[in-house]
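Each chain is listed here by its residues.
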Amino acid sequence: MTAPKTLFQKVWERHEVVPETPDTPAVLFIDLHLIHEVTTPQAFSVLRERGLKVRRTDLTLGTMDHSTPTRTEQVFGGKPFTIESAAKQVKQLEVNCAEFGVELLNMASNLRGIVHVIGPELGATQPGKTIVCGDSHTSTHGAFGALAFGIGTTEVGHVLATQCLLQTRAKTLAITVNGKLRPGVTAKDLVLAIIGKIGVGGGTGHVIEFRGEAIRALSMDERMTVCNMSIEAGARAGMVAPDETTFAYLKDRPRSPKGAEWERAVAVWRTLVTDEGAVFDREVVMDAGAVEPMITWGTHPGMVAAVSGNVPASSSDPVFGKALDYMGFAAGQKLAGSPINVVFVGSCTNSRLTDLRAAASVLKGRKVAAGVQMLVVPGSQQIKKQAEAEGLDKIFRDAGAEWRESGCSMCLGMNGDTVGKGQYSVSTSNRNFEGRQGVGARTLLASPLTAAASAVRGAITDPRDLL
Amino acid sequence: MQAFTSITSRTAVLPRTDIDTDQIIPARFLRTTSREGLGKQLFADWRYLADGKPNPEFVLNQPAAAGCSVLVGGRNFGCGSSREHAPWALLDFGIRAVVSTEFADIFRSNSLKNGLVPVIVDEATHQWLLANPGVEVTVDLATSSLKLPGGKAATFPIEPFARYCLMHGVDQLGYLLSKDAEISAYEKRRAAR
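Residues numbered from 1 in each chain as written. Chains lettered and ligands numbered in written order. Predicted model: local features only at pLDDT ≥ 70, side-chain atom pairs only at ≥ 80, totals over all residues.

Here we look at the sheet that holds strand S5 (residues 136-140) of chain B
Residue and element names in this part refer to chain B.
Stage number 1. If you walk across this open sheet you meet the 7 strands as S4-S3-S2-S1-S5-S6-S7, and the pairing is mixed. Whereas interior strands pair on both sides, the edge strands pair on one side only; in this sheet they are strand S4 (117-120) and strand S7 (153-155). Across the sheet, the mean angle from the axis of one strand to that of its neighbour is 30°, orientation sign disregarded.
Stage number 2. As paired strands, strand S1 (residues 6-14) and strand S2 (residues 70-73) are joined by 4 bridges and run parallel to one another. (Pairing = 2+ DSSP bridges. Helix = DSSP H or I, 4+ residues; strand = E, 2+ residues; numbered from the N terminus. Axes fitted to C-alpha atoms, helices over the stretch in contact; angles between N-to-C directions.)

Side note on the interface of chain B and chain A
Stage number 1. The interface is formed by 44 residues belonging to chain B together with 52 residues belonging to chain A.
Stage number 2. For the side of chain B that touches chain A, the secondary structure elements donating two or more residues are helix H1 (21-24), helix H4 (105-112), helix H6 (160-168), helix H7 (172-177) and helix H8 (180-192) of chain B.
Stage number 3. Considered class by class, the residues forming the side of chain B that touches chain A number 13 nonpolar, 14 polar and 17 charged. (Contact = placed C-beta atoms within 7 Å. Nonpolar A, V, L, I, M, F, W, Y, C, P; charged D, E, K, R; others polar.)

A short note on helix H4 (residues 84-100) of chain A
Given 3.6 residues per helical turn, the α-helix brings residues three or four places apart onto the same face.
Residue and element names in this part refer to chain A.
Stage number 1. Between its first and last C-alpha, H4 extends 24 Å over 17 residues, near the 24 Å set by a 1.5 Å rise per residue.
Stage number 2. As for H4, its buried residues are in contact with helix H2 (41-50), strand S4 (60-63) and strand S5 (103-105).
Stage number 3. One or two steps after H4, the chain reaches Gly 101, where phi turns positive at roughly 75°. (Expected span 1.5 Å × (residues − 1).)

Notes on unusual backbone geometry
Stage number 1. Even without a glycine there, the phi angle at Gln 163 of chain A is positive, about 60°.
Stage number 2. Looking at the secondary structure, you find Gln 163 of chain A in the loop between helix H6 (153-162) and strand S8 (164-167).

Structural notes on the environment of Thr 140 of chain A
Residues and elements named next belong to chain A.
Stage number 1. One can find Thr 140 in the loop between strand S6 (130-133) and strand S7 (147-150).
Stage number 2. Sequence-wise, Thr 140 and Arg 112 are 28 residues apart; in three dimensions their C-alpha atoms are separated by 17 Å.
Stage number 3. Residue contacts for Thr 140: discarding those within four places in its chain leaves His 116, Met 224, Cys 227, Asn 228 and Cys 348.

Some points on the domain arrangement of chain A
Residues and elements named next belong to chain A.
Stage number 1. Along its sequence, chain A is organised into domain 1 (7-167), domain 2 (171-243 + 267-289) and domain 3 (293-465).
Stage number 2. Of the residues lining the interface, 23 residues belong to domain 1; the matching set on domain 3 comes to 20 residues.
Stage number 3. In terms of residues, the side of domain 1 that touches domain 3 owes the most to one element, helix H5 (residues 115-122), which gives 4 residues. (Domains from an automatic or database assignment.)

Side note on the packing of helix H13 (residues 353-363) of chain A against helix H15 (residues 392-399) of chain A
All names here are of chain A.
Stage number 1. Two elements in contact, H13 and H15, have axes whose closest approach is 9 Å; the angle formed by their N-to-C orientations is 45°. Taken together, the axis directions place H13 and H15 in an arrangement best described as oblique. Like other packed secondary-structure pairs, H13 and H15 cross with a definite hand, here left-handed. In this structure, H13 uses Leu 356, Arg 357, Ala 360 and Leu 363 to contact H15, whose residues at the interface are Leu 392, Ile 395, Phe 396 and Ala 399. (Parallel < 35°, antiparallel > 145°, perpendicular 65-115°, else oblique. Left-handed = near helix turned anticlockwise from the far one by under 90°.)

A closer look at the pairing of S7 of chain A
Residues and elements named next belong to chain A.
Stage number 1. Covered by surrounding structure in S7 are Leu 147 and Phe 149 together with Ala 148 and Gly 150, the residues of both alternating faces.
Stage number 2. Here S6 pairs with S7 via 4 bridges, running parallel. Across the sheet, the residue bridging to Ile 131 is Ala 148, located in S7. (Buried ≥ 20, exposed ≤ 12 C-beta atoms within 10 Å, placed from the backbone.)

Brief notes about the pairing of strand S18 (residues 424-427) of chain A
Successive side chains on a regular strand alternate, one facing one side of the sheet and the next facing the other.
All names here are of chain A.
Stage number 1. Alternating residues of S18 divide into Tyr 424 and Val 426 and Ser 425 and Ser 427, and every residue in both groups is buried.
Stage number 2. Here strand S15 (residues 342-345) pairs with S18 via 3 bridges, running parallel. Looking at the pairing, Val 343 lines up with Val 426 of S18.
Stage number 3. Here S18 runs beside strand S19 (residues 442-445); their pairing, made up of 4 bridges, is parallel. Considered in S19, the bridge of Val 426 is made with Leu 444.

Description of the environment of Val 90 of chain A
All names here are of chain A.
Stage number 1. Inspection of the secondary structure puts Val 90 in helix H4.
Stage number 2. On the basis of neighbour count, Val 90 is assigned to the buried category, with 23 C-beta atoms found within 10 Å.
Stage number 3. Val 90 sits 22 residues away from Thr 68 along the chain, and the two C-alpha atoms are 7.6 Å apart.
Stage number 4. Setting aside anything within four residues of it in sequence, one finds Val 90 in contact with Glu 37, Met 64, Ser 67 and Thr 68.

Spelled out as structure tokens, the structure:
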């Protein structure tokens, strides 16, 4: 009998083209390569310079999301992009994909969206696959039991040319979450609590497997939120073993296996679990029942507290003081009730249909507070359509929020959707780094429920006050 | 890629922990299709004042930092976004090695592929370097060591393959392309499954 293996080991070993040796990294085969406009132009240039082709156009899929506008008149109305360099970058992706024969979901496509939203939505993301993209939030796809991680542009070139990557095997970290999340507490709160516990470098060098009763109870959208932010703990990837929830999500998706192929695929996917007795390099155990709605107060995602709590009175973190200065907060101050200026619901962390429903459930029959700008940016054009079919757009608009076309938008402000200097933004995105949402912007990461509740009150608000 | 064997330089010290790649180069400068010329945007939001003038308080703007090619940073250097523009910007500015106790995985991988050496040191060496900015050090890849003043040295971990590529200035794509037969065989095996 072979030794028990972790989920990560199983997926890794199935993709070893050449195993790792003491002198050389493994050559790892990649099943799905997602590309977008920002991190690929220089990689295509290398291919061109060296006379190389894209080895597997059938395993490569392009979209445009990071620097694209979200205003309808710019996406569909023929109005030019506000930012010329963004237009140029998007145009370059069109040229590159056409020249190299790569499928591209362009601005006109009704399947376009944030790269980490469309992979799962199309059923291209599947258990057991290796999935890469020149974007750190590729970890999102690990929610399906895929080994998915972000790569740099040089590596994008490697995958385009060879469909392989040179990799050394990561260590494994099991995060077991027991118990149940309480009402008003979401997957976003859970992952913020996890990062708060293990730290922003706590997962460095490791692939996390999220396990336990509370993880099993999560929907696929929620699992994606958790895996998405694995990188914010520094982890190479986050994974959840596939189960009936995964299979139900993938059944009948456009790119999921069909008929007898489906049955065969599911039989294989069922084997993608960590064997009894398999050993992780590290283990962390959490209690879901103790998690509160969370919000960040500082300048990295590990600087996080309960919405109903306070900024810490002191910290051993050497950048504590600098973070407070940047955020304009005092040590020990209460968070709830602190005024805000902007609310952003969107990003690859929280822009899926269930996220929009959650935000809408709070906003229904209420108004965004005077003086607060609220932007709702669905993760994909398909999600936008589904949300509109349910009337969510109307709830957002009636409340005074802006309803936009899909894209990364205000998560990183590359497309001009930015937060002003010194303004407080409650954002469902993933990074509260200095300047992330705009020069001098002050980002408070939270769940869609907390974001919507804060929009209504114009101040940081525990969503349970409004549920 | 420019070969790296040994670099001797005074250090510039940026003691902050968790320096993320959004600080190394903010997202608004990623709307480019080239890898050239990013050095002027390195640490843009720390390096320049609102009016675009250099911030005299920022370490890389101080006369002592002129010509430094070794940057000492705080723990967990390069966390966050996978943007390879971060090592491109550091290299374009003239930095050839970054010293810290810990690097984020993707930043480290990107650096190794571009000739920027991530030097991992122990806590005591790190503390000493933070407390003594501007000392002359040598990053020597042949011995995988950081040579400090007074004849002291600290060895740092680096994978043999990455070290070979750095020392010979070869990129890793050539090696991957040389595995074409193995990749084709793997694709055949997979198709038959």
